[in-house]
Amino acid sequence: MKRRDFIAAGAALALVPMAAKAAPLEYKPGLVKKHLAKGETVFLDFKASWCGTCKAQERVINALKGENPAYDKNITFINVDWDEYGRSELAFDLEIPRRSTLVVLKGDAELGRIVADTSRESIKALMDAALDAATA
């Protein structure tokens, strides 16, 4: 095998785990209620594309999902665009104070939330609480 072919094949194989990771759903009205009604545990990420804190949270979430595939398998992740839905009924009902807010819901209960926290420990604790609820 030529070196160039070997490098190309290796690069292609390196992308396979990334492709297998489930992408978060993009919020549209009614989506959260639909998934909660099915008994799913929902992880909401209120974010804006221009928000540095949101990007830092996203990096941590993606790293944790990469380390533990059970998160993606058992939790429904939904991104909520703050610029579009920051003043929506969903944000109002959940009393979301700002972008960079992460919330976990199951049924009628809020299981936890983080506001503007980017620490790996805090985000992992929230994701673990979601996983515990989803697999209970």
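In this text, all values refer to a predicted model and were calculated from it rather than measured experimentally.

1. A closer look at the pairing of strand β3 (residues 75-81)
In terms of burial, β3 is largely enclosed, as 6 of its 7 residues are buried. Strand direction decides the pairing type here: strand β1 (residues 25-26) and β3, joined by 2 bridges, are parallel. When the sheet's bridge partners are listed, Glu26 is paired in β3 with Asn79. As paired strands, strand β2 (residues 41-47) and β3 are joined by 7 bridges and run parallel to one another. Across the sheet, Val42 pairs through a bridge with Thr76, a residue of β3.

2. Section: the layout of surface pockets
Roughly 370 Å³ of volume is contained in the largest pocket. Taken together, 17 residues form the lining of the largest pocket, with Val32, Lys33, Leu36, Leu90 and Asp93 sitting closest to its centre. Put simply, the parts of the chain that give the lining of the largest pocket at least two residues each are α2 (31-37), α6 (89-93) and β5 (109-115). The element contributing the most residues to the lining of the largest pocket is α2, with 4 residues. Taken together, the residues that form the lining of the largest pocket break down as 9 nonpolar, 3 polar and 5 charged.

3. With respect to empty space enclosed by the protein
Empty space left among the atoms is revealed by rolling a probe the size of a water molecule over them. All chains considered together, the criterion is met by 1 cavity of 30 Å³ or more. Quantified by volume, the largest cavity comes out at close to 70 Å³. Every residue along the wall of the largest cavity is listed here: Pro24, Phe43, Asp45, Lys47, Glu58, Ile61, Asn62, Lys65, Phe77 and Asn79. Going through the elements one at a time, β2, α3 (52-67) and β3 are the ones with two or more residues in the lining of the largest cavity. Its residues assigned to classes, the lining of the largest cavity comprises 4 nonpolar, 2 polar and 4 charged.

4. Focus: the sheet that holds strand β4 (residues 101-106)
Across the sheet, 5 strands lie side by side as β1-β3-β2-β4-β5; this open sheet has mixed pairing. Where the open sheet ends on each side, the last strands, each with one partner, are β1 and β5. Pairing of β4 with β5, which is carried by 6 bridges, proceeds in the antiparallel orientation. Looking at the pairing, Leu105 lines up with Glu110 of β5. Contacts from α3 reach β2, β3, β4 and β5 within the one sheet, and its direction differs from that of β2 by about 150°. Against the sheet, helix α7 (residues 120-135) makes contact with β2, β3, β4 and β5, and its axis sits at roughly 165° relative to β5, the strand it touches most.

5. Re the pattern of salt bridges
Taken as a whole and assessed by the stated rule, the structure comprises 7 salt bridges. Taking the shortest distance from any N to any O, the salt bridge between Asp45 and Lys47 comes out at 3.4 Å. By relative accessible area, which is 13% here, Lys47 ends up buried. Across the salt bridge formed by Arg113 and Glu110, the nearest N and O atoms sit 2.8 Å from each other. For Arg113, a relative accessible area of 29% translates into the label partly exposed.

The rules behind each value
- Residues numbered from 1 in each chain as written.
- Predicted model: local features only at pLDDT ≥ 70, side-chain atom pairs only at ≥ 80, totals over all residues.
- Heavy atoms only, no water.
- Buried < 20%, exposed > 50% of the residue type's maximum accessible area, 1.4 Å probe, protein only.
- Helix = DSSP H or I, 4+ residues; strand = E, 2+ residues; numbered from the N terminus.
- Pairing = 2+ DSSP bridges.
- 1 Å grid on protein atoms, 1.4 Å probe; cavity = no way out; pocket = protein on both sides within 12 Å on 5 of 7 lines; lining within 4 Å.
- Points joined across faces, edges and corners; volume = space filled by probe spheres on them.
- Nonpolar A, V, L, I, M, F, W, Y, C, P; charged D, E, K, R; others polar.
- Contact = heavy atoms within 4.5 Å.
- Axes fitted to C-alpha atoms, helices over the stretch in contact; angles between N-to-C directions.
- Salt bridge = Lys/Arg side-chain N within 4 Å of Asp/Glu carboxyl O.

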